[in-house]
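Observations on the three-dimensional arrangement
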Amino acid sequence: MPLPVLRIEKLCKSFGNTAVITDVSFDVIPSEVIVVIGSSGTGKSTMLQCINLLLRPTSGRIFLEEKEITAPGVNQDNVRRQMGMVFQEFNLFNHLTVLGNVTIGMVKVSGIPAKQAKEKALQELERVGMAEHCEKYPAQLSGGQKQRVGIARALGMDPKVMLFDEPTSALDPELTGEVLAVMQKLAAEGMTMIIVSHEMGFAREVADRVIFMENGTIEEQGIPDQIFSTPRSERTRKFLSVIRPGKSV
Amino acid sequence: MKEFLAYAKMALPDLLQGTVVTLELTAGALLIGLAIGLPLSLMRVYGGRLIQPLCTAYLTVFRGTPLLVQLFVVYYGLPEIGVAFSRMTAAFLTLGCNSGAYQCEYFRGAIQAVSTGQMQAARGIGMSRLQGIRHIILPQALRLVIPAWSNEFIAMVKYTAIVFLIAVPDLMSKAKILSSQNFAPIQTYVLVAMIYLVLVGALGLMLHVVQQKLAVPGLDFGMDKR
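In this report, the structure presented in the accompanying data block is examined.

Digging into the sheet that holds strand 3 (residues 33-37) of chain A
Residue and element names in this part refer to chain A. In spatial order, the strands read 6-7-8-3-9-10; together these six strands make up an open sheet with mixed pairing. Looking at which strands have only one partner, the edges of the open sheet turn out to be strand 6 (83-86) and strand 10 (217-222). Pairwise comparison of adjacent strand axes, ignoring direction, gives a mean angle of 20° for this sheet. Relative to the sheet, helix 6 (residues 173-188) contacts strand 3, strand 7 (161-165) and strand 8 (193-196), its axis offset from that of strand 8 by approximately 155°.

Below is the structure:
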């Protein structure tokens with residue numbers, strides 16, 4: 001068993017008196033693709049934001065390559081740099097071109113010289129099929145194109161793990177394919193990924209492991225075939241039957 | 001008409017001297033206002049529970065009292081407690097501090113118009129809060145603020161006119177003197193109005209060009225696209 005890239009131990013997050021995540025623990029091994037499914041409001045996005053410390057966990061510990069990132073005194077900016085985050089609403093920097101969006105982190109955060117950053121950015125944009133649009137501004141792109149740039153921006157920082165927060169939920173159905181294809185390619189290249197998604201077909205095809213969350217905790221996890229064909233938990237079964245009404249499980 | 005032109009020819013050199021002072025006051029006040037307003041707006045948006053009330057207090061005082069009262073307090077009032085300024089300094093300070101309060105609110109609006117996702121994404125690639133503000137939030141907010149800020153610019157050209165009440169030799173002061181020396185209020189003040197109009201028109205045009213130069217697709221709020 002290889003050492004985990006990421007280890008989450010008894011993660012809890014509350015807002016005031018409302019517990020959003022309770023006692024979530026799991027390991028992520030290198031090149032593993034985990035798809036997190038579950039109804040809205042079960043804390044999936046909150047969990048992702050806790051993992052890269054955009055939200056401060058209430059309790060629990062998170063380790064990135066054996067180092068505890070939730071320990072006091074850890075440089076959180078440095079932690080976030082090592083984890084790529086892709087947002088549901090893309091959040092491309094509106095005042096920068098596609099190229100600028102990918103290079104700004106490399107230049108201002110990693111301190112890579114502008115010329116080198118540009119070369120590397122073009123490579124990342126090539127990976128997501130957006131190199132030819134590098135001079136455009138976000139407002140001139142379709143949703144699918146924006147999200148692919150969002151992925152390239154995260155890749156540019158050479159992340160140890162990529163976190164996707166419902167990357168296709170804000171897209172028109174005909175645009176989700178191009179983004180999922182890029183993600184599938186990344187998975188095939190060996191990128192470690194945690195993906196919160198409602199795309200069951202994608203989960204079944206690409207995931208190494210599916211985690212089903214309910215009420216802020218992990219209800220069931222397993223390989224996709226097992227989760228989708230023979231779910232152990234009654235709740236998982238119920239959720240899947242609502243999501244895919246045609247198929248009985 | 002001929003009479004007016006002759007009068008204008010006589011009065012213009014003096015009035016133009018005053019115009020220079022008016023422009024100096026406008027530029028100085030806007031710069032002081034910028035130096036106060038921008039940091040204040042950042043404190044108001046990102047500052048903690050201790051800082052925000054201080055900002056609010058500043059805004060309440062400077063936006064809640066007449067500019068003229070502020071000018072008199074600074075020029076006539078403060079010397080009584082041992083703080084005396086020259087006319088010009090008093091004018092710069094008052095106009096600048098006042099403008100700072102208004103500029104703060106313009107900047108705050110523009111900063112808050114940049115979506116919260118922008119900061120999240122900045123933090124997501126490892127930027128600190130300060131880097132996020134500097135590289136992501138401000139470049140967008142400063143573009144969004146131009147239309148509102150132009151308003152402050154144009155208003156300031158005209159607000160400066162009140163400094164004639166502490167005898168700063170601006171355009172209005174010169175006009176007052178000329179008008180009473182020559183018993184020509186109509187000619188003088190029409191001429192002065194025309195000068196203000198030309199100033200405001202030229203500055204408005206200038207700001208429009210700046211706005212166009214800085215425009216980015218999707219961030220061209222308030223731009224005329226035709």
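So much for the structure itself; the text now carries on.
Re a nonpolar patch on the surface
On the surface, a cluster of nonpolar side chains totalling about 330 Å² of accessible area is made up of Leu-68, Phe-72, Tyr-76 and Leu-165 of chain B. By secondary structure assignment, the location of Leu-165 of chain B is in the loop between helix 6 (129-159) and helix 7 (171-182).

Structural notes on the interface of chain B and chain A
Across the contact, 21 residues belong to chain B and 21 residues belong to chain A. A combined buried area of about 1,900 Å² lies between chain B and chain A, and 63% of that area is made up of carbon and sulfur atoms. Among the residues chain B hides against chain A, the three largest losses belong to Gln-120, Ile-125 and Pro-217 of chain B. Together they make up 29% of the total. For the interface between chain B and chain A, the tally reads one salt bridge. We note a salt bridge from Asp-77 of chain A to Arg-123 of chain B, for which the minimum N-O separation is 3.2 Å.

Some words on the environment of Val-61 of chain B
Looking at where Val-61 of chain B falls in the secondary structure, it is placed in helix 2 (residues 51-64). A sequence separation of 69 residues divides Val-61 of chain B from Leu-130 of chain B, and the C-alpha atoms of the two residues are 29 Å apart.

Notes on the layout of surface pockets
Residues and elements named next belong to chain B. In this structure, the largest pocket spans a volume of roughly 250 Å³. Surrounding the largest pocket, Val-45, Tyr-46, Ile-111, Gln-112, Val-114, Ser-115, Thr-116, Met-119, Gln-120, Arg-123, Arg-129 and Ile-137 form its lining. Within the residue set of the lining of the largest pocket, elements represented by two or more residues are helix 1 (2-46), helix 4 (87-113), helix 5 (116-124) and helix 6. Split into classes, the residues belonging to the lining of the largest pocket amount to six nonpolar, four polar and two charged. As for the second largest pocket, its lining consists of Pro-139, Leu-142, Arg-143, Val-145, Ile-146, Trp-149, Ser-150, Leu-207, Val-210 and Leu-214. Broken down by secondary-structure element, the contributors of at least two residues to the lining of the second largest pocket are helix 6 and helix 8 (185-214).

Conventions used here
- Residues numbered from 1 in each chain as written.
- Chains lettered and ligands numbered in written order.
- Predicted model: local features only at pLDDT ≥ 70, side-chain atom pairs only at ≥ 80, totals over all residues.
- Heavy atoms only, no water.
- Pairing = 2+ DSSP bridges.
- Helix = DSSP H or I, 4+ residues; strand = E, 2+ residues; numbered from the N terminus.
- Axes fitted to C-alpha atoms, helices over the stretch in contact; angles between N-to-C directions.
- Contact = heavy atoms within 4.5 Å.
- Patch = residues over 30% accessible without salt bridge, like charges linked within 9 Å, V, L, I, M, F, W, Y side chains within 5 Å.
- Areas by Shrake-Rupley, 256 points an atom, 1.4 Å probe, with all protein chains shown as cover.
- Salt bridge = Lys/Arg side-chain N within 4 Å of Asp/Glu carboxyl O.
- Buried area = accessible area lost by both parts, 1.4 Å probe.
- 1 Å grid on protein atoms, 1.4 Å probe; cavity = no way out; pocket = protein on both sides within 12 Å on 5 of 7 lines; lining within 4 Å.
- Points joined across faces, edges and corners; volume = space filled by probe spheres on them.
- Nonpolar A, V, L, I, M, F, W, Y, C, P; charged D, E, K, R; others polar.

Function cannot be inferred from these measures alone, as they are strictly geometric.
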